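Observations on the three-dimensional arrangement
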Amino acid sequence: MGKCITEGRPPSTGRTALSGAKTGAGAGSDALLGITAKSSRGYREGMSRGRGKAKGKATDKAGRAQRYAAHSTARELLRADALKRYPGEYPGDVHRTCDCRYVNHGSVGVHYTAAHQSAHYGGLVTCGSVWACPICASKIQERRRLEIEQGIEWALLNGFQPIMVTFTFPHRAFHTLRELLDMQAEAFRLLRKTTRWRKLMKRLGFQGLIRSLEVTHGVNGWHPHTHELWFVDPSVGTALQVELVDLWQAACVSAGLLDDSDAVAVWAFGQHSVDVRCNATAGAYLAKQDDSRSWGMAHEVAKATSKAGRAKGCHPHHFLIRQAPGDAERYLEYVQGMKGRRQLFWSPGLKAKAGIGDASDDELAKDQREAADLLALLPPEVWKVVRGNDARAELLDAAERDGADGIALLLWSLGVEFTPPPSRGGGDDGPE
Ligand SMILES: [Zn+2]
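The structure displayed is predicted, hence computed values, not measured ones.

Describing the pairing of strand β3 (residues 161–167)
- The element β3 is largely enclosed, with a buried count of 5 among its 7 residues.
- Taken together, the 7 bridges between β3 and strand β5 (residues 221–232) define a ladder with antiparallel strand orientation. Looking at β5, one finds that Val165 is bridged to Glu228.

So this is what it looks like as structure tokens:
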């Protein structure tokens, strides 16, 4: 976790030669550059790009810095966990997240996507873990959002109504996450196998669903819950909620999640366990997910000051930033507990009907759709310095602000005189 950047170190020659790199947003030239950091045209272009940033970009940068910082902590925790539990094995084989955006295949490309004004790395290992990895989770979520929007568009075009159904259940601080997830899975299995359920679905004109599994942690411990989006007949109204509470209550009692002799618990269950929203929009559904998944300083501070926020708890990736007593253990429990569970589930055949391909989380974590320029290719020994100084996010900030010159200046500050070999290409893992 230790950060040891040698800041402000002056370059030994006063000049950095960068070759084989394009500068600036969407620069069309492949010309090799030998640039003096403070006087080149590329540098000024980079500066103006930095000044022209929208306010949102600053938030993006802060979010990215936090994701990388969280990943660095996750990496330490997961490595220690792997070494303790599987001493003979390579930690990256036990937890792929240990190597994510850290271990390189060869030289590391720093790419710039003009369409998003964002820089990203190529040639690094990606883990594709939506649960363990703060960087991949964000990337995958961004792509899955587009799929959900497309699913809703399909439903509306075909005359179906999207409704949002949230299922929760009582939980206590002494429950382990795995116990709760197993009981939750059992409750859903029991709920959906009844004849009453099948009849209800028929009556609703049920076409399929998208379900997202969310986990937060608060004063009452782990809080797994699901947000579902059902595509049903346009005539379906909120009266459905009463019927669903009844069915969900029976399932939760059978699964051991609710004690039906506890009148107070049963009353509270009736009030809070099922929430139905008709005519749901993509924005409303995604906001529901964000409510459980978004994390980061601003979000957590806002939550900490509101009663509703405190009750909802925080996303487990926030443990990696907060680092309160017990947070490291909680993060590891979360990673173990979520292993093998799907975050997003679509009814079989629904994606095909909506014309959506079946990309895995792993593929989405690597996915890069927009054209990107290669700003610099960092040899392995230079990358080692960047990651060793915990400067992965800072280097992307510098690349976005000042292009290739920014990369050179940041490397100077780390004590590296950067003269990369002229080259293009390298892997391309998409914005992060
Ligand atoms: Zn990852």
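Quick notes on the environment of Phe167
- Here Phe167 lies in strand β3.
- Residue Phe167 is classed as buried on the basis of its 22 C-beta neighbours within 10 Å.
- Note: C-alpha distance between Phe167 and Phe188 (21 residues apart in sequence) is 9.6 Å.
- Here Phe167 is in contact with His225, Thr226, Trp248, Ser273 and Val274, once residues within four sequence places are set aside.

What to know about the environment of Leu240
- Considering the arrangement of structural elements, one finds Leu240 in helix α7 (residues 240–254).
- In this structure the C-alpha to C-alpha distance between Leu240 and Val165, which are 75 residues apart in sequence, comes to 10.0 Å.

Quick notes on the confidence of the model for the protein
- Residues with a pLDDT of 70 or more make up 78% of the protein, whose mean pLDDT is 82.
- The spread of mean pLDDT over the elements of the protein runs between helix α1 (residues 41–51), the lowest at 35, and helix α13 (residues 327–338), the highest at 97.
- A low-confidence stretch, residues 1–55 (pLDDT under 50), is modelled with 106 contacts involving residues beyond four sequence positions or located in other chains.

Notes on the sheet that holds strand β8 (residues 373–378)
- Judged by pairing direction, the sheet is antiparallel, and its 3 strands sit side by side in the order β2-β1-β8 without closing on themselves. Only two strands of the sheet have a single neighbouring strand rather than two, namely β2 (118–124) and β8. For this sheet, the mean angle separating the axes of adjacent strands, direction not counted, is 25 degrees.
- In terms of strand pairing, strand β1 (residues 104–113) meets β8 through 5 bridges, oriented antiparallel. Directly across from Tyr112, in β8, lies its bridge partner Asp373.
- Against the sheet, helix α16 (residues 380–388) touches β1 and β8, its axis set at about 70 degrees to β1.

Details of the sheet that holds strand β6 (residues 274–277)
- With antiparallel pairing, the 5 strands of this open sheet are ordered in space as β6-β3-β5-β4-β7. Because the sheet does not close on itself, it has two edges, and the strands there are β6 and β7 (344–346). The average undirected angle you get between the axes of adjacent strands in this sheet is 15 degrees.
- Of the strand pairs in this sheet, strand β4 (residues 208–218) and β5 are connected by 11 bridges, and their pairing is antiparallel. When the sheet's bridge partners are listed, Leu213 is paired in β5 with Thr226.

Some points on the nonpolar core
- Judged by nonpolar contacts, the single largest core of 87 residues is most densely connected at Val110, Cys136, Leu395, Ala399, Ile407 and Leu411.
- When residues of this core are assigned to domains, at least three fall in each of domain 1 (18–132 + 374–425) and domain 2 (134–291 + 343–366).

Considering α13
- In this model, α13 (12 residues) spans 16 Å end to end at C-alpha, consistent with the 16 Å of a helix rising 1.5 Å per residue.
- Along α13, the positions that sit buried rather than exposed are Tyr331, Tyr334, Val335, Gly337 and Met338.
- One or two residues past the end of α13 sits Gly340, with phi positive at roughly 80 degrees.

Quick look at helix α9 (residues 282–293)
- Taking 1.5 Å per residue, 12 residues should reach 16 Å; α9 reaches 16 Å between its end C-alpha atoms and fits that length.
- Among the residues making up α9, those that are buried are Tyr285, Leu286, Lys288, Ser292 and Arg293. Buried residues of α9, seen end-on, are gathered within an arc of 150 degrees and therefore sit on one face of the element. With respect to the buried face of α9, the exposed residues turned more than 90 degrees away are Gly283 and Ala287.
- Each element contacted by the buried residues of α9 is listed here: α4 (134–157), β3, β4 and β5.

Conventions used here
- Residues numbered from 1 in each chain as written.
- Predicted model: local features only at pLDDT ≥ 70, side-chain atom pairs only at ≥ 80, totals over all residues.
- Buried ≥ 20, exposed ≤ 12 C-beta atoms within 10 Å, placed from the backbone.
- Helix = DSSP H or I, 4+ residues; strand = E, 2+ residues; numbered from the N terminus.
- Pairing = 2+ DSSP bridges.
- Contact = placed C-beta atoms within 7 Å.
- pLDDT = per-residue confidence, 0-100.
- Axes fitted to C-alpha atoms, helices over the stretch in contact; angles between N-to-C directions.
- Core = buried A, V, L, I, M, F, W, Y, C linked by C-beta atoms within 7 Å.
- Domains from an automatic or database assignment.
- Expected span 1.5 Å × (residues − 1).
- Arc of directions from axis to C-beta.

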